[in-house]
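Residue-level listing of the chains:
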Amino acid sequence: MTLRLYDTATRSVRDFVPSTPGQVGIYLCGVTVQSTPHIGHLRSAVNYDVLRRWLLHTGLEVTFVRNVTDVDDKILQKAGEQGRPFWAIAYENRLHLDRDYTALNVLAPTYEPLATGHITEMHELIQELIDRGHAYPAAGDCADVYFDVLSYREYGALSGQRPEEMRDAGDAPVRDKRDHRDFALWKGVKADEPRDAYWPSPWGKGRPGWHIECSAMARRYLGDEFDIHGGGLDLTFPHHENELAQSKAAGLGFARFWVHHALLNLGDSKMSKSLGNVIDLASLVESGIRPVELRYYLGSPHYRSRIDYSDEALREAAVAYRRIEGFVQRAAEVVGPGRPKQVPPAFADAMNDDLNTSAALAIVHDTVREGNTALAAGDEAGIRGALTAVRAMLGVLGLDPFDEKWDGGEGGNDLKPVVDSLVALALEQRAQARARKDWAAADSVRDQLKNAGIQVEDTPAGPRWTVGEQH
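Residues numbered from 1 in each chain as written. Predicted model: local features only at pLDDT ≥ 70, side-chain atom pairs only at ≥ 80, totals over all residues. Heavy atoms only, no water.

With an unreviewed UniProt entry as reference, the protein is termed Cysteine--tRNA ligase, source organism Actinoplanes xinjiangensis. In the Subunit (unreviewed entry) part of its UniProt record, the protein is described as follows: "Monomer." According to the UniProt record, the Catalytic activity (unreviewed entry) comment for the protein reads "tRNA(Cys) + L-cysteine + ATP = L-cysteinyl-tRNA(Cys) + AMP + diphosphate". (UniProt positions renumbered as here; feature names shortened; annotations may be inferred.)

Written out as structure tokens, the structure is:
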């Protein structure tokens, strides 16, 4: 079955065929780093990481570009409020973002361009638009340059907007705009913004508009036309509409598929720093949720399904992942970890059906149940088959418990060897108490481990322990 993806531009699920056989180019709109990331940002990272992993699993070579917007109105506003350089705020938040991505086992992008590192490419694209009659410098000496919305007849097609019903673009002061809907490609100096947030240009000192940044960076790393442009549903208009318009107006093929993920909401609104309704990874870890469990939660719904966050739903997801993890650990104790092989056909069908992770995880859980039945029967062939299948599927989803990220390898939990030793010592004390028939002492050790989040299970091969609830 060929991978089929929902394309926002055509409002349909279409067969995905790379423009270059065997190779895929993806551009994902990354985060504007005006503040630390929240789990809404992390949903985007996880969703497109799963897409990338599936493409890699099917044998395709993937060039994955995820930009960082490190200069824009919000960052400059923060700089003014905090009395700090805009670039210091952007860099600090970018480091925090990278740490969260790493904690969630998100693969590093092939390239991660910064907007401030591609001013020259933006100048070149803006000049092409001026030469083609789709952009114009504002009159006077303000140095603004605007895209002429009405010069591009297809404007509004991506988002379904009608130009005659659009309000002012609202992304720059109206300084000699020809039409209120025109949007800024280059923004001249503003008196209330930092003096170090500007670059020279053919039209005067200024800085780039938000939309031109992504068009220029996508072109620089993926060429005039590429396969997939991703981002949150909230970016469809105006950001992606404007990217598409300026890129097409410049004669570029640009994105062949527009793949948008739904939002993560808290209450009735999307999670947003500006609304003050955010939850971040650090706070969840403090509450006892492991990063792997958050990844499971964020990746379980279909990427086009809205997530209405609740603590109860997150903890139910954590329990569900622990069931999978528990089977993998128990099976590996019997037959060894094995080597993941091809995923089951039903799993592949689910992933090829517009990346249906919800249906794919149902296959994972079905296979875990079959594996648990094999464990109870002592059927080593059945255990081994279920284990290798489950690990293969979890590998595609970035959730394999034996992945070095989760298993204490490089970039993993540096305290795992210490915890192993401490738990082993406690279990030895429990065994000694049981040997001398001091059942109260043995139960006390077990209860203390349980209070610390360590579950002990007595097996014919001896006691085994896991983190979290036992099932």
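*Asks:* What is the right way to look at the overall build of the protein in this model?
*Replies:* Check the secondary structure of the protein and you find 14 helices and 15 strands. The buried share of the protein, taken over its 471 residues, is 52%. Considering only contacts within the protein whose residues lie at least 6 apart along the sequence, 72% involve residues at least 24 apart. In the form shown here, the protein has an accessible surface area of approximately 21,000 Å², with 49% of it arising from carbon and sulfur atoms. (Helix = DSSP H or I, 4+ residues; strand = E, 2+ residues; numbered from the N terminus. Buried < 20%, exposed > 50% of the residue type's maximum accessible area, 1.4 Å probe, protein only. Contact = heavy atoms within 4.5 Å. Areas by Shrake-Rupley, 256 points an atom, 1.4 Å probe, with all protein chains shown as cover.)

*Asks:* Is there a simple way to think about helix H8 (residues 291–299) in this case?
*Replies:* The α-helix advances 3.6 residues per turn, and as a result positions three or four apart in sequence lie on the same side. Across the nine residues of H8, eight count as buried, placing the element largely inside the fold. Of all the residues in H8, the buried ones are Val292, Glu293, Leu294, Arg295, Tyr296, Tyr297, Leu298 and Gly299.

*Asks:* Looking at this structure, how should I read the nonpolar core?
*Replies:* A general trend in soluble globular proteins is that nonpolar side chains are found buried together. Within the largest apolar cluster, 124 residues are counted, with the highest numbers of intra-cluster contacts made by Leu294 and Phe347. With 11 residues, helix H9 (residues 311–335) is the single largest residue contributor to this core. Of the residues that make up this core, three or more belong to each of domain 1 (4–261) and domain 2 (306–406). Apart from the residues within four sequence positions on either side, Phe347 is in contact with Trp54, Ala360, Ile363, Val364, Met393, Val396 and Leu397. Of all hydrophobic cores here, the second largest spans seven residues; its members include Leu427, Val445, Leu449 and Ile454. (Core = buried A, V, L, I, M, F, W, Y, C linked by side-chain atoms within 4.5 Å. Domains from an automatic or database assignment.)

*Asks:* Can you walk me through the state of the cysteines in this structure?
*Replies:* Applying the stated criterion to the full structure yields zero disulfides. The closest cysteine sulfur to the non-disulfide-bonded Cys214 is located on Cys29, 3.8 Å from its own sulfur. (Disulfide = S-S within 2.5 Å.)

*Asks:* It is not clear to me how the sheet that holds strand E4 (residues 61–66) should be interpreted in this structure. Could you clarify?
*Replies:* Sheet strands line up and pair through hydrogen bonds in the backbone, either parallel or antiparallel. Sheet architecture is open: four strands sit in the order E4-E3-E9-E10, paired in parallel fashion. Only two strands of the sheet have a single partner each, and these edge strands are E4 and strand E10 (254–261). With direction set aside, neighbouring strand axes in the sheet form an average angle of 25 degrees. Two strands pair when backbone bridges link them, and strand E9 (residues 225–232) and E10 are joined in this way by seven bridges, in the parallel orientation. (Pairing = 2+ DSSP bridges. Axes fitted to C-alpha atoms, helices over the stretch in contact; angles between N-to-C directions.)

*Asks:* I tried to follow the pairing of strand E2 (residues 12–15) on my own but got confused; where do I start?
*Replies:* Each regular strand displays side chains that alternate between the two surfaces of the sheet. Where strand E1 (residues 4–7) and E2 come together, four bridges link them in antiparallel fashion. Within E2, the position partnered with Asp7 by the bridge is Ser12. Here E1 hands over to E2 after four residues, with Arg11 in that stretch at a positive phi of 55 degrees.

*Asks:* Sorry, what's going on with the packing of aromatic side chains here?
*Replies:* The description of two aromatic rings rests on the distance between their centres and on the angle between their planes. The tally for this structure, following the rule as stated, stands at 10 aromatic pairs. Relative to Phe347, the ring of Trp54 lies with its centre 6.2 Å away and its plane at 70 degrees, an arrangement referred to as edge-to-face. With a gap of 293 residues between them, Trp54 in helix H1 (residues 39–57) and Phe347 in helix H10 (residues 345–352) connect regions that are remote in the sequence. Across the pair, Phe347 and Trp54 agree in class, each one buried. An angle of 75 degrees between the planes, with centres 5.1 Å apart, marks the rings of Phe226 and Phe254 as edge-to-face. In this pair, Phe226 sits in strand E9 while Phe254 sits in strand E10, placing the two residues 28 residues apart along the sequence. Residues Phe226 and Phe254 agree in their burial class; the two are buried. Site record: aromatic cluster; members linked through ring pairs are Phe226, Phe254 and Trp258. (Phe/Tyr/Trp six-rings, centres within 6.5 Å; stacked < 30°, edge-to-face > 60°.)

*Asks:* Would you take a moment to explain the packing of H8 against H9 for this structure?
*Replies:* Between two packed helices, the angle of one axis relative to the other and the distance separating the axes together describe the packing. Here H8 crosses H9 at 110 degrees, and the two axes come no closer than 8 Å. Taken as axis vectors, H8 and H9 run roughly perpendicular relative to one another. Here H8 contributes Val292, Glu293, Leu294, Tyr296 and Tyr297 to the contact with H9, which in turn contributes Ala313, Leu314, Ala317, Ala318, Ala320, Tyr321, Arg322 and Ile324. Partitioning the contact of H8 with H9 into residue classes produces 11 nonpolar, no polar and two charged. (Parallel < 35°, antiparallel > 145°, perpendicular 65-115°, else oblique. Nonpolar A, V, L, I, M, F, W, Y, C, P; charged D, E, K, R; others polar.)

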